[in-house]
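Coordinate inspection notes
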Amino acid sequence: MARVFSILPEDRIEQAVNVTLQRLKTVETRAKSSLKWADFDENGRFVRGGITELSDYKVQMVSKPEDDPDLQDMADHVADGFAEPGRVICNEDCSQFTLFLPDRVSTPHSAPVPRLRGFIIDFSVFKKIHLTFHSENRLTDAETLVAFQLLAGISLHHAASLDSVKVETKRAQIKTAAAKMQCTGQLDLVRLLMGQLSIISVIADDETRHASFAEAFIAEKMGNDARLVVERLSNGQILRCIEVGPADGQPVVVLHGMMFGMLLSGASPYLKAGGLRLLMPLRRGYLDARPMLDLTAGDNLVEESFSDLSLFLERRNLKDATLLGHSLGAVLAMHYAARFPGHVGKLVLLCANTAGTDDERDSYTDMLYGGYKSLGEANSLSRAITLEFSRHYPDEQTAKTILDRMFNASKADLSAMAGHGTAAAVHSWFPSLYRSSVAGISDDYDFVMKELLPASPLETDCLFVHGSDDPLTPVSTIESLVKPWQNARLTTIQGAGHFATASHSHEVWREVASYLHCASG
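Residues numbered from 1 in each chain as written. Predicted model: local features only at pLDDT ≥ 70, side-chain atom pairs only at ≥ 80, totals over all residues. Heavy atoms only, no water.

**Describing the overall build of the protein**
Helices and strands together make up the secondary structure of the protein, namely 22 helices and 14 strands. Taking 2.2 N^0.38 as the reference for a compact globule, 521 residues should give roughly 24 Å; the C-alpha atoms of the protein span a radius of gyration of 25 Å, in line with that estimate. Here the C-alpha coordinates of the protein stretch approximately 75 × 50 × 40 Å along the principal axes. Looking at the protein residue by residue over its 521 residues, the buried ones come to 55%. At a minimum sequence separation of 6, the contacts of the protein that also span at least 24 residues come to 70%. Distance from the positive charge centre (51 side chains) to the negative charge centre (66 side chains) of the protein: 1 Å. (Helix = DSSP H or I, 4+ residues; strand = E, 2+ residues; numbered from the N terminus. Rg over C-alpha atoms; globule rule 2.2 N^0.38 Å. Buried < 20%, exposed > 50% of the residue type's maximum accessible area, 1.4 Å probe, protein only. Contact = heavy atoms within 4.5 Å. Lys, Arg positive; Asp, Glu negative; His and termini not counted. Charge placed at Lys NZ, Arg CZ, Asp CG, Glu CD.)

**Comments concerning the pairing of strand β9 (residues 250-255)**
Counting buried residues along β9, five of its six residues qualify, which places the element largely inside the surrounding structure. Note: β9 against strand β10 (residues 276-281), four bridges, orientation parallel. The residue of β10 that forms the bridge with valine 252 is leucine 278. Here three bridges tie β9 to strand β11 (residues 321-326), and the two strands are oriented parallel to one another. Residue valine 254 lies in a different strand from β11, and its bridge partner there is leucine 324. (Pairing = 2+ DSSP bridges.)

**Some points on helix α19 (residues 438-450)**
Because an α-helix completes one turn every 3.6 residues, residues spaced three or four positions apart along the sequence face the same direction. Look at α19: 18 Å from first C-alpha to last across 13 residues, which is about the 18 Å you get at 1.5 Å a residue. With 12 of its 13 residues buried, α19 lies for the most part within the structure. Taken residue by residue, α19 has Val438, Ala439, Gly440, Ile441, Ser442, Asp443, Asp444, Tyr445, Asp446, Phe447, Val448 and Met449 as its buried positions. (Expected span 1.5 Å × (residues − 1).)

**Describing the packing of aromatic side chains**
According to the stated counting rule, one finds 16 aromatic pairs in the structure shown. With a centroid separation of 4.7 Å and an interplanar angle of 40°, the aromatic rings of tyrosine 336 and phenylalanine 340 are classed as tilted. Residue tyrosine 336 is classed as buried on the basis of its relative accessible area of 0%. What makes phenylalanine 340 partly exposed here is its relative accessible area of 28%. Seen in terms of ring centroids, tyrosine 393 and phenylalanine 430 are 5.1 Å apart; in terms of plane orientation they differ by 90°. Their pairing is edge-to-face. Separated by 37 residues along the polypeptide, tyrosine 393 in the loop between α15 (379-392) and α16 (396-407) and phenylalanine 430 in helix α18 (residues 430-435) bring together distant segments of the chain. An aromatic cluster of three or more residues is present, and its members are Phe5, Phe389, Tyr393, Trp429, Phe430 and Tyr434. (Phe/Tyr/Trp six-rings, centres within 6.5 Å; stacked < 30°, edge-to-face > 60°.)

**Some words on the nonpolar core**
If you look at the biggest cluster of nonpolar residues, it comprises 110 residues, and the most contacted ones within it are Leu347, Phe389 and Trp509. Examining the composition of this core, we find that eight residues originate from one element, helix α13 (residues 328-339), more than from any other. Residues Phe119, Leu139, Ala147 and Ala159 belong to the second largest nonpolar core, which totals 36 residues. (Core = buried A, V, L, I, M, F, W, Y, C linked by side-chain atoms within 4.5 Å.)

**Points about the packing of helix α4 (residues 141-151) against helix α7 (residues 186-196)**
Any two packed helices are characterised by how steeply their axes cross, that is the angle between the axes, and by the distance between the axes. α7 packs onto α4 with a crossing angle of 85° between their chain directions and a minimal axis gap of 10 Å. The orientation of α4 relative to α7 falls into the category roughly perpendicular. Counting all contacts with α4, which are made through Ala147, Leu150 and Leu151, the residues of α7 involved are Gln186, Leu189, Val190, Leu193 and Met194. Residue classes in the contact of α4 with α7 are distributed as seven nonpolar, one polar and no charged. (Axes fitted to C-alpha atoms, helices over the stretch in contact; angles between N-to-C directions. Parallel < 35°, antiparallel > 145°, perpendicular 65-115°, else oblique. Nonpolar A, V, L, I, M, F, W, Y, C, P; charged D, E, K, R; others polar.)

**Some points on the state of the cysteines**
One covalent bond between the sulfur atoms of two cysteine residues makes up a disulfide. Scanning the entire structure with this criterion turns up zero disulfides. Free cysteine: cysteine 90, not disulfide-bonded; nearest cysteine sulfur from cysteine 94 at 4.2 Å. Given a relative accessible area of 25%, cysteine 90 falls into the partly exposed group. In this structure cysteine 351 is not part of a disulfide, and its nearest cysteine sulfur, from cysteine 462, lies 13 Å away. Owing to a relative accessible area of 2%, cysteine 351 belongs among the buried residues under this scheme. (Disulfide = S-S within 2.5 Å.)

**Some points on the sheet that holds β11**
The eight strands lie next to each other as β7-β8-β10-β9-β11-β12-β13-β14, forming an open sheet whose pairing is mixed. Edge positions in the sheet fall to β7 (226-232) and β14 (488-493), since each has one partner strand and no second. Averaged over all neighbouring strand pairs, the angle between strand axes comes to 25°, with direction disregarded. Here strand β12 (residues 344-350) pairs with strand β13 (residues 461-467) via five bridges, running parallel. By the bridge assignment, leucine 347 is partnered in β13 with cysteine 462.

**Observations regarding the packing of helix α5 (residues 156-163) against helix α6 (residues 167-180)**
Packing of α5 against α6 leaves a shortest axis separation of 8 Å and a crossing angle of 110°. As summarised for this structure, α5 and α6 are arranged roughly perpendicular, according to the angle between their axes. Contacts between α5 and α6 involve Leu156, His157, Ala159, Ala160 and Asp163 from the former and Val167, Lys170, Arg171 and Ile174 from the latter. Residue composition of the contact of α5 with α6, by class: five nonpolar, one polar and three charged.

Keep in mind these numbers describe shape, not what the thing actually does.
What follows is the structure in structure tokens.
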């Protein structure tokens, strides 16, 4: 694990390893935690409710309170006049409590309307939220339980009776918990925990409101080049698609990698010159405003993204589509084309990152990928490592150290990351993207590290475009990949690194346009 974190500044490596191991100790592989919530209008009428799985971020909408006993109890409290913003109501067996918070709903065409929102908090939900804020100085289960009981309004005598312990034991647990949380006492501890509990409002937001985060990110970080389209697929899933290039350009569907900003930012003039329009569905787990509360999400986000892509192609009526894979997305694109050859007419693989390792090079990148592979195939481990990296990226100097170490073998990449190419400077958008994409990034690593490339060359026509100085995947690796593939060819961009689309935009998009127009002709 120390090899994985070797791209961090030296004084942070040991701490990152320790925090990651500590976080992994908290993984619960069986029990799922569900946050139940409901909205009420100012007259106390039930508007809507939901059950949000904290592991998978699936939301089951509830249209009638009687469909769920807990939500029915909440609705009864509101109807009886016992609920108001700030009120906490504990249930009879003290296993959960309901917290009511104020909310406001507005549209571009109407003034804000007050709402009351209720949340049902049980111990498992409270524990996951606590671990989100305190992975380092986390409380023991007993200390977490007494903190939960304090917020629920349960007296120490009653709590001691419930847990068959002495009151003095409960007092000692509160004192220890307060010290760990750097609080001066019980009241200060309650204030802190209650304040942090407000994160449940973010968790309960539905997908439509969640899409606004991606919209703001794209507008602020991608400039005028890109726009966001939000649409609902036939399976009911809301899909967010970034589109760049002329409206009448030849559609090219993109399977993106981690640093898709280097692909999209500043690309518009070159796409226009080539008559290309990029359609990039945001894959599951990327630009997700919701916090990562669980390392053991039950779904495979890569597989779900493949399903979303198939439905997207069907919805857009894109038969025999041109599929472009970028960086790690290039590996995903090869797997998609192998599984669904009837969906893909042509394949373009830009700056493919096969995540291979070469011990002879002894680079930071090889240590990172080699460390991942040595640690095994645990999805929760990939998420724990990615989540730990996300704590360091907000520090701009540390982010620069990490990225410079990964790409220091390419002068073209270092220049592109500084904003000297077509893309905006990396540090203006990458930290925000990384922190909001932990689930997607970790699942990509998990998939690419475990899955070999397709066993046999694909039948699909394919163009590889690769930088001669790519520090992540040497061009020799791509040459070996192309050699047995009869319908594939490689164009090498001399002097370019991994970010050829930013440092050598004209050459890259000229090659892609030429290939597609010749193939279609």
